[in-house]
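# Notes for the structure review
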Amino acid sequence: MNRIPRRWAAFALIAALGSGCTLLPEQPAVDRAWFLLEVPEAARAEPPVPLVELGNVRVAPAFAGKGLVYRLGPYRYESDFYNEWFLNPREHVEQLLRERWAREGGPVTLIPDARAHPQARQLDVLVTALHGDLHVEGPGLARVGLRVFAQGPAGTRFWELEQHVELGARTPEALVAALSAGMATLLEDLERRLGE
C-alpha cells in the first residue's frame, strides 16, 4: 500500500489554499427580507352600508407559502426563499379584510353572524393570484386575483376579480408595492359590488 509522505500532503494543502480554493465566501450573504401588503384605508361611506360576515379565506396552493412568488413560464411558479411575507398569505388577507371592514364608517360593516340580520351576506374568499409574472415583456406584472362567493337573502353571487399592475423594476420592493396597489383596487371593486 503506497502512502503519500506527510510533506507532500502539506505541500498539496498549501498549494490548494494558495490557488484561491478556500472555504470562505467571496460575496456577502444575502439578507432575508419580510413584507406586508400596504393597502390604504377605505374612504368613509355614507349609511346604509352592507352587512357582511367574513367566512372562509383561502389561498390557491401556488401562492399559499410565505415566499414571494414569481411566474417564470406556463405553469411554472417559483417561491423566493430570501423575500417572504411577514404573515402567511391566508392570515394576511383575512387580517387585511377584517381590519378594513371593522373600522367605523367603512364601506362594509363586519358582523359575527349573517343569519341574525335579514339583509346580511356571508362572504367566502379565495385568493387566486398573488404573484409577479415575469413571463411577459418588460419588467413584468403583479397579478392579484380574488374569487368571492357571497350568500345572502337574494341568493348566491359569484365574482371573479383580477387586477394586473406593471412592475417598475424586477425587485421584491417593486413587486410588493404593485401587489398592494392591485389589492387596493380589487377591494374597492368588491366593496362597490357589495353596496349595489
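Structural data are supplied above this passage.
First, a word on scope: everything that follows refers to the structure included in this document.

### Comments concerning the nonpolar core
In terms of nonpolar packing, the biggest core is built from 40 residues, with W101 and M183 touching the most fellow members. In this structure M183 touches L37, V39, V93, L96, L130, V144 and L146, once residues within four positions along its chain are discounted.

### Section: the pattern of salt bridges
If you walk through the whole model with that rule in mind, you get 12 salt bridges. Between R90 and E94 there is a salt bridge, and its shortest N-O distance comes to 2.6 Å. Here R90 pairs with E94, and both are found in helix 2 (residues 89-102), just 4 residues apart, close to one helical turn. Judged by its relative accessible area of 33%, R90 falls in the partly exposed class. When salt bridges that share partners are traced, they join D189, R192, R193 and E196 into one network.

### Re the environment of V30
On the secondary structure map, V30 appears in the loop between helix 1 (6-18) and strand 1 (33-35). For the pair V30 and Y82, spaced 52 residues apart in sequence, the C-alpha to C-alpha distance is 7.5 Å.

### Observations concerning the pairing of strand 7 (residues 141-152)
As paired strands, strand 6 (residues 121-133) and strand 7 are joined by 11 bridges and run antiparallel to one another. Across the sheet, residue L130 finds its bridge partner in strand 7, namely V144. Sheet topology places strand 7 next to strand 8 (residues 155-166); 12 bridges connect them, and they run antiparallel. Bridging from a neighbouring strand, G145 pairs with E162 of strand 8. Following strand 7, the chain reverses through 2 residues before pairing antiparallel with strand 8.

Rules used throughout
Residues numbered from 1 in each chain as written. Predicted model: local features only at pLDDT ≥ 70, side-chain atom pairs only at ≥ 80, totals over all residues. Heavy atoms only, no water. Core = buried A, V, L, I, M, F, W, Y, C linked by side-chain atoms within 4.5 Å. Buried < 20%, exposed > 50% of the residue type's maximum accessible area, 1.4 Å probe, protein only. Contact = heavy atoms within 4.5 Å. Salt bridge = Lys/Arg side-chain N within 4 Å of Asp/Glu carboxyl O. Helix = DSSP H or I, 4+ residues; strand = E, 2+ residues; numbered from the N terminus. Pairing = 2+ DSSP bridges.

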